[in-house]
Amino acid sequence: MRLLRIFLFLLPSFASLPAHSTPSPTPPPARAVEADIEAKVSALIARMTLAEKIGQLNFPSLAFPYESQLEAVKQGRIGNMLNVVNPGHLRSFEAAARGSRLKIPLLFAIDAVHAFRVTFPVPIAWAATWRPDLAELAAEMVARETAQDGINLTFAPMIDVSRDPRWGRVIEGAGEDPFLASAFAAARVRGYRKGGLATAAKHFVGYGAPEGGRDYNGAQISIAELFDRYIPPFEAAIGAGTETVMASFNTVNGVPVTANRWLLTDVLRERLGFGGIVMSDFFAVPELMNHGVAADLGQASRKALHAGIDLDMAGEAYRRHLGTEVAAGRVSMDEIDAAVRRVLTVKYRMGLFEDTPGGARKIPSAVTDARVRAAARAVARESFVLVKNSGATLPITPQSGTVALIGAAATSTSDHSWYGPARLEKPKTETLEQALRRRIGATQTLLFAAGFADACGRAFKDKAEAIATARAADLVVLILSEDCVVSGEGASRTDLGLSGVQEKMLDALAETGKPIALVVETGRPLALTSAHEKVAALMIAWHPGTEGRTALAEVLAGEIAPSGKLPMTFPRSVGQVPISYSDLPTSRPATADRYTTGYVDEKPTPLYPFGHGLSYTTFSYSGLEISAPRMTRDGTIEVRVEVENTGPRAGQEVAQLYTRQLVAERSRPLRELKGFQKIALAPGQRKTVRFTLKASELAYHDDAGRPVVEPGRFRVFVGSSSTAELTDSFEIVAD
Ligand code: BGC
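All of these numbers come straight from a predicted model, not from anything done at the bench. Each chain carries its own residue numbering, running from 1 in the written order of its sequence. The model is predicted, so local features are restricted to residues of pLDDT at least 70 and side-chain atom pairs to those at 80 or more, both for listing and for counting; the totals for chains, interfaces and linings are taken over all residues. Based on all heavy atoms of the structure, the side-chain values leave hydrogens and waters out of the count.

## Quick word on the overall build of the protein
Numbering of helices and strands starts at the N terminus; helices are DSSP runs of H or I of at least 4 residues and strands are runs of E of at least 2. Across its full length, the protein holds 21 helices and 27 strands. By the compact-globule yardstick of 27 Å for 735 residues, the protein fits well, its C-alpha radius of gyration being 26 Å. Principal-axis analysis of the C-alpha atoms places the extent of the protein at approximately 75 × 65 × 45 Å. Burial statistics for the protein: of 735 residues in total, 61% are counted as buried. Taking all contacts inside the protein whose residues are at least 6 apart in sequence as the whole, residues at least 24 apart take part in 78%. Accessible surface for the protein amounts to roughly 26500 Å². Of this, 52% is attributable to carbon and sulfur atoms. In this description the radius of gyration comes from C-alpha coordinates, and the expected globular size is given by 2.2 Å times residues to the power 0.38. Buried, partly exposed and exposed residues are distinguished by accessible area as a fraction of the type maximum, computed with a 1.4 Å probe on protein chains only: under 20%, between the cut-offs, and over 50%, respectively. Two residues form a contact once any of their heavy atoms are found within 4.5 Å. The Shrake-Rupley method, run with a 1.4 Å probe sphere, supplies the accessible areas, and residue values consider only the shown protein chains as cover.

What follows is the structure, encoded as structure tokens:
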């Protein structure tokens, strides 16, 4: 009754994408092509033995010596492989598949995420550009390098939304926000596909919400939240044409995703309409025994297949047990055939069957190192986030006087960023010291001290020398780095401070009284509260990749103004985690009063909010206008705002649009990002930024996961971060 009274409006489909998630440029295969593929797949399945069918569901990792795997491919018992990177090995396996009875080509997959040869900034840095088009370019370039050797599938993009910087894998995603993450999910899928690789959107779903931030840990997520926050990037990836989806390792509400038929079949396939391959994560099928939902491998295989896992990655469970399970009548041939059909269909859609000997699948032409590096530089330039800059400490100008560059990372030729797959031989990385000297060396003195024994500051090398160098300068540029081995998979942290002896170095340099511009390379938000207080300027550089240090020098020296914005909140302390601008309101909004939402020993606000990022110039927002005071539940309005560059330099600004539904049946987030645009402005220049807001994008999900557009008043906030103050409101009306 209550629901009826407020005219809850159920949307007809789940496919509504945010404005930035435009569909894939590659149109889905026409109906005739699909019919032809279906017929071919049916004919093929009719000819397959059970062993050959199970082979198509088998997805082992390359193991040495690999002769027995070659033989298994020839016999049709291996249909797909991961981690075959060496072109010679790839050719041998391709030849083995061509020599098999049915000549079914293999999927060759690796984690080509932000690197094959050239290393791009890490994916969270892609999101910090707030330019999905740059992420698309980066993904395309990585894919073009990778596809040349015969690899045809990447285990990317990782599109897990996460509000927990303790979780090391935030480095691989686009941060905490479903709207931003959806835009980047779609862009990355488009890019990798354009570059010649099929994609694996991962990890479906809720992997980014492990309790305590501990990797692989279970997630407790309400159904409404699952659909509001964690599923949208997967809808976007599906809309952009991802061929495969990887299931996540963890439990969601107590059931491991690998054995969760509701999530993999009812939600992913039926509600979201995903028609491609669903694969397990690495060894996740046998790990169902560790989860305590399978007593043996046979049961694990049965449960995973029944849940909707088509490919058993590295688990060997399907290969060893599905035959027996079918013979015993515990697994039906129909279930096997359905999985095989999905695998073969994707292989046809990818054009793998048209391979000529030697592997001439239609992939984009080779790309020069110079082009890939230019793209890597472009991404790095726009990914740096200047979070503090008192007294215009940065950029370095001749007026900055003598500069002391301190930190072993400044002479490192490795970008020491997390793992990447792929080729060991990497192109050379210019050091920050070289890059900075080239820019400011002619006009001013640049001193250097390593300070630490290693680039990640695990131990001092010569602390006294570093202090003396700082004393001899007018400005200290200190580069610190989160330890590279503490980012990525299996790298959860309880402490989000600077690692090793870096905080001690900062303390010592701060005591000199010299202004410090601190650059932090990191794969996750850190709790930099004490560092913030000691420095004049602070720039988050992420792990910037092969071209990163050069790009960093360009920005430090003021050739380019920083324009990145945080895709994830930086907390004041680890105890605040999880903290997000889009938290729900509470009964007692935080004030100075004790009995309100907050901590007795910490401020309630984060150190740096979502969306925050400064430039070397300033921007002002004015003239907010909404095209109509109200719209219906299928309506659209336009929000316009004037942005002006009010400072002395050219720069780029990310104009951000947030909404809040003021009164609804559920408590709605304090703010939700609903639009963003990056614009370039010369000094004094003004531009009108227009956002289109569809009522359907303001839907939330009910307890059954159904999207609801609830009439009511919405407040709009526009500005340069999630704390934007320029505001107005409009209403959604029933009819
Ligand atoms: C990770 C996946 C990755 C796979 C293959 C797993 O441990 O969770 O993201 O694609 O390994 O390398």
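## A short note on the sheet that holds strand β18 (residues 619-626)
We call two strands paired when DSSP finds no fewer than two bridges between them. The strand order across the open sheet built from three strands is β18-β20-β23, with neighbouring strands paired in antiparallel fashion. Two strands in the sheet have a free side with no partner beyond their single neighbour: β18 and β23 (686-694). Each strand of the sheet is rotated relative to its neighbour by a mean of 25°, with strand direction disregarded. To define axes, lines are fitted to C-alpha atoms, for helices over the stretch in contact only, and angles between the resulting N-to-C directions are given on a 0 to 180 degree scale.

## Remarks on unusual backbone geometry
A cis geometry characterises the amide bond from F64 onward to P65, with omega recorded as -10°. The step from K202 to H203 runs through a cis peptide bond, and the omega angle for that step is 0°. With respect to the helices and strands, H203 occurs in strand β6 (residues 198-204). The residue N253 is not glycine, and still its phi comes out positive at about 50°. Look at A392: it is not a glycine, yet its phi comes out positive at around 45°.

## Some details on the environment of I363
Among the structural elements, I363 can be located in the loop between α15 (333-349) and α16 (369-383). Owing to a relative accessible area of 25%, I363 belongs among the partly exposed residues under this scheme. Considered as a pair, I363 and G150 are 213 residues apart in the sequence and their alpha carbons are 9.3 Å apart. Those residues within four positions of I363 in sequence are excluded, and the remaining contacts are A147, Q148 and G196.

## What to know about the site of the ligand
Neighbouring residues of the ligand: D111, F155, R169, K202, H203, M246, F249, D281, F282 and E489. The term polar contact refers here to a pair of N or O atoms within 3.5 Å; inside protein, the definition further demands a hydrogen-donor-capable atom paired with an acceptor-capable atom, and it admits residues adjacent in sequence only when both atoms are side-chain atoms. The contact in question runs from an oxygen atom of the ligand to an N or O atom on the side chain of R169, over 2.7 Å. Contacts to the ligand include D281, whose side-chain N or O atom sits 2.5 Å from an oxygen atom. Class assignment for the residues of the shell around the ligand results in four nonpolar, one polar and five charged. Near is defined per residue: the residue qualifies when any heavy atom it owns lies within 4 Å of the molecule or strand. Side-chain classes are defined by residue name, with Ala, Val, Leu, Ile, Met, Phe, Trp, Tyr, Cys and Pro counting as nonpolar, Asp, Glu, Lys and Arg as charged, and the others, Gly among them, as polar.

## Quick word on helix α17 (residues 432-440)
Here α17 has its buried residues at L432, E433, A435, L436, R439 and I440. What you see down the axis of α17 is that its buried residues fit within an arc of 165°, all on one side. Comment: arc refers to directions from the helix axis out to C-beta atoms.

## Description of the nonpolar core
Nonpolar side chains in soluble globular proteins tend to end up buried together. Counting residues in each nonpolar core, the largest one holds 132 residues, and the members touching the most others are F93, F120 and F204. It is helix α8 (residues 178-194) that provides the largest number of residues to this core, a total of nine residues. Among residues more than four places away in sequence, those in contact with F93 are L62, Y66, Q69, L70, V73, M81, V84, L106 and F108. Nonpolar cores are built from buried Ala, Val, Leu, Ile, Met, Phe, Trp, Tyr and Cys residues. Side-chain atoms within 4.5 Å join them into one set. One finds Y207, A449, L498 and L528 within the second-largest nonpolar core, a separate group that totals 47 residues.

## Some points on the pattern of salt bridges
Every case where a carboxyl oxygen of Asp or Glu lies within 4 Å of a side-chain nitrogen of Lys or Arg is listed as a salt bridge. Across all of its chains, the model carries 49 salt bridges by this definition. R381 is the salt-bridge partner of E554, the closest N and O atoms lying 2.6 Å from each other. With a gap of 173 residues between them, E554 in helix α21 (residues 548-556) and R381 in helix α16 connect regions that are remote in the sequence. For E554, a relative accessible area of 3% gives the class buried. A relative accessible area of 27% places R381 in the partly exposed class. A salt bridge links E382 to K678; the nearest nitrogen and oxygen atoms lie 2.8 Å apart. Residue E382 is located in helix α16, and its partner K678 is located in strand β22 (residues 672-681); the two are separated by 296 residues in the primary sequence. By relative accessible area, which is 11% here, E382 ends up buried. A relative accessible area of 17% places K678 in the buried class.

## What to know about the sheet that holds strand β27 (residues 726-733)
The pairing of strands in a sheet happens through backbone hydrogen bonds and is either parallel or antiparallel. Pairing is mixed in the open sheet, where five strands are placed in the order β19-β27-β26-β21-β22. Strand pairing shows two members of the sheet lacking a second neighbour, β19 (630-632) and β22, which therefore form its edges. Neighbour-to-neighbour, the strand axes of the sheet open up by a mean angle of 25°, direction not taken into account.

## Considering the pairing of strand β13 (residues 403-406)
Residues of β13 alternate between two faces, with V403 and L405 on one and A404 and I406 on the opposite face, all of them buried. Bridging between β13 and strand β14 (residues 446-449) involves four bridges; their strand directions are parallel. When the bridges of β14 are listed, L405 appears paired with F448. Strand direction decides the pairing type here: β13 and strand β15 (residues 475-481), joined by four bridges, are parallel. Bridge pairing in β15 links A404 to V476.

## Topic: α8
Between the first and last C-alpha of α8 there are 24 Å, a value that for 17 residues agrees with the 24 Å anticipated at 1.5 Å per step. With respect to burial, α8 is a largely interior element, 15 of its 17 residues being buried. The N-terminus of α8 is capped by D177, whose side-chain oxygen sits 2.9 Å from the backbone nitrogen of F179. A positive phi of about 105° marks G196, the residue just after α8. Take the residue count of a helix, subtract one, and multiply by 1.5 Å to get its expected span.

## Observations concerning the packing of aromatic side chains
Any pair of aromatic rings gets described here by the distance separating the centres and the angle formed by the planes. Aromatic pairs are defined between Phe, Tyr and Trp rings, using the six-membered ring for Trp, whenever the two ring centres lie within 6.5 Å; interplanar angles under 30 degrees are classed as stacked, those over 60 as edge-to-face, and all others as tilted. Across all of its chains, the model carries 18 aromatic pairs by this definition. For the pair W130 and F610, a centre-to-centre distance of 5.5 Å together with 50° between the ring planes defines the contact as tilted. Placement of W130 in the loop between α6 (123-128) and α7 (132-147) and of F610 in the loop between α21 and β18 is noted, with a sequence separation of 480 residues between them. Like W130, the residue F610 is buried in the burial classification. Here the aromatic rings of F452 and F460 are separated by 6.3 Å at their centres, their planes lie at 15°, and the arrangement is stacked. Classification of F452 by relative accessible area gives buried; the value is 1%. Residue classification places F460 among the partly exposed residues on the basis of a relative accessible area of 27%. Think of it as a cone above the ring: NZ of Lys or CZ of Arg counts as a charge over the ring if it is within 6 Å of the ring centre and within 35 degrees of the ring normal. Its end group placed over the ring of F717, R671 keeps NZ or CZ at 3.6 Å from the ring centre.

## Section: the packing of α8 against helix α10 (residues 232-239)
Packing of α8 against α10 leaves a shortest axis separation of 8 Å and a crossing angle of 25°. By the angle between their directions, the pair α8 and α10 is classed as roughly parallel. In terms of crossing hand, the pair formed by α8 and α10 is right-handed. Facing P178, A181, S182, A185, A186 and V189 of α8, the residues of α10 in contact are P232, P233, A236 and A237. Classifying every residue of the contact of α8 with α10 gives nine nonpolar, one polar and no charged. Note on angle classes: values under 35 degrees are labelled roughly parallel, values over 145 roughly antiparallel, values of 65 to 115 roughly perpendicular, and the remainder oblique. Handedness of each helix crossing follows the sense of rotation of the near helix against the far helix: counterclockwise by less than a right angle gives left-handed, clockwise gives right-handed.

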